[in-house]
Amino acid sequence: MNEYSCEELSYILSRYADTIYRTAYIQMKSRDLADDIYQEVCMRLLKQQDKLLDEEHLKAWLIRTTVCCCKDDWKSAWRRRVTLSGLGSGIESQSQKEEPECGWVTQCVQNLPEKYRLNIHLYYYEEYSQKEIAQILNIKESSVSSRLTRGQAKLKKC
């Protein structure tokens, strides 16, 4: 077992915090939920027993873990049984008030279906190649290409 030291963890989080948070925010569409996902990814990094080989593997692991945490959150029992509108309009309206500075393009990307949204985010925001996205998401490169094309077409309509 070759765990990360405190200095290494601090470096990783300072370097990749924006990437983790942006990926979570694009997926979850909420700052509060993105914060929760960010914390979960940090916890998983702390529990990581072995160091990842290099920076690219580490970044890919962090993005993949963020995506998995987002999916887990959306599939959770709480999400399936409780909706924000059921809790009261105060929570929903407060959440919407906190995020007005979100740009028009970001809102359009967030309104895309998940499979297009994630591919668009990784390609344009994180600047991964189609081949790298395919490896991160465990899908075919041709699927990445078609999702990017379809996502771009949907964005043009926005």
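All figures in this text were calculated on a predicted structure; none of them were measured in a lab.

Caption draft 1: Looking closely at the state of the cysteines. Per the stated rule, a full pass over the model turns up 1 disulfide. For Cys 108, the disulfide goes to Cys 158, at an S-S distance of 2.0 Å. Of note, the bridge from Cys 108 to Cys 158 carries an S-S torsion of about -70° and is left-handed in sense. Taken together, the residues span a long stretch of sequence, with Cys 108 in helix H7 (residues 104-110) and Cys 158 in the segment after helix H10 (141-157) at a distance of 50 residues. On the basis of relative accessibility, which here comes to 6%, the residue Cys 108 falls in the buried class. The class for Cys 158 is partly exposed, based on a relative accessible area of 42%.

Caption draft 2: Main features of the environment of Glu 56. Summarising the element assignment, Glu 56 is placed in helix H3 (residues 55-75). Classification of Glu 56 as partly exposed rests on a relative accessible area of 46%. Between the alpha carbons of Glu 56 and Glu 132 there is a distance of 9.9 Å; along the sequence they are 76 residues apart. Ignoring sequence-local partners within four residues, the contact set of Glu 56 consists of Tyr 128 and Glu 132.

Caption draft 3: Spatial organisation of the pattern of salt bridges. Evaluation of the coordinates by the stated rule reveals 4 salt bridges. Where salt bridges share partners, they join Glu 40, Arg 44 and Asp 72 into one cluster.

Caption draft 4: Main features of the packing of aromatic side chains. Under the definition given, this model contains 2 aromatic pairs. An angle of 10° between the planes, with centres 6.3 Å apart, marks the rings of Tyr 21 and Tyr 25 as stacked. You can see Tyr 21 and its partner Tyr 25 sitting in helix H1 (residues 6-28), 4 residues apart, about one turn around the helix. Exposure remark for Tyr 21: the relative accessible area of 23% places this residue in the partly exposed category. Judged by relative accessible area, which is 10%, Tyr 25 ranks as buried. Ring plane angle 85° and centroid distance 4.8 Å describe the contact between Tyr 123 and Tyr 124, whose orientation is recorded as edge-to-face. By relative accessible area, Tyr 123 is classed as partly exposed at 30%.

Caption draft 5: Representation of a positive patch on the surface in the model. The grouping of Lys 115, Arg 150, Lys 154 and Lys 157 at the surface amounts to a positive patch. Examined against the element boundaries, Lys 157 turns out to sit in helix H10. Using a relative accessible area of 75% as the deciding quantity, one classes Lys 157 as exposed.

Caption draft 6: Representation of the packing of H1 against helix H8 (residues 114-125) in the model. Between H1 and H8, the shortest axis-to-axis distance is 10 Å and the interhelical angle comes to 155°. In this view, H1 runs roughly antiparallel relative to H8, as classed from their interaxial angle. Note on packing geometry: the crossing formed by H1 with H8 is right-handed. For the pair H1 and H8, contact is made by Arg 22, Thr 23, Ile 26 and Gln 27 and by Glu 114, Arg 117, Leu 118, His 121 and Tyr 125, respectively. Looking at the contact of H1 with H8, its residues break down into 3 nonpolar, 3 polar and 3 charged.

Reading the values: the criteria
- Residues numbered from 1 in each chain as written.
- Predicted model: local features only at pLDDT ≥ 70, side-chain atom pairs only at ≥ 80, totals over all residues.
- Heavy atoms only, no water.
- Disulfide = S-S within 2.5 Å.
- Helix = DSSP H or I, 4+ residues; strand = E, 2+ residues; numbered from the N terminus.
- Buried < 20%, exposed > 50% of the residue type's maximum accessible area, 1.4 Å probe, protein only.
- Contact = heavy atoms within 4.5 Å.
- Salt bridge = Lys/Arg side-chain N within 4 Å of Asp/Glu carboxyl O.
- Phe/Tyr/Trp six-rings, centres within 6.5 Å; stacked < 30°, edge-to-face > 60°.
- Patch = residues over 30% accessible without salt bridge, like charges linked within 9 Å, V, L, I, M, F, W, Y side chains within 5 Å.
- Areas by Shrake-Rupley, 256 points an atom, 1.4 Å probe, with all protein chains shown as cover.
- Lys, Arg positive; Asp, Glu negative; His and termini not counted.
- Charge placed at Lys NZ, Arg CZ, Asp CG, Glu CD.
- Axes fitted to C-alpha atoms, helices over the stretch in contact; angles between N-to-C directions.
- Parallel < 35°, antiparallel > 145°, perpendicular 65-115°, else oblique.
- Left-handed = near helix turned anticlockwise from the far one by under 90°.
- Nonpolar A, V, L, I, M, F, W, Y, C, P; charged D, E, K, R; others polar.

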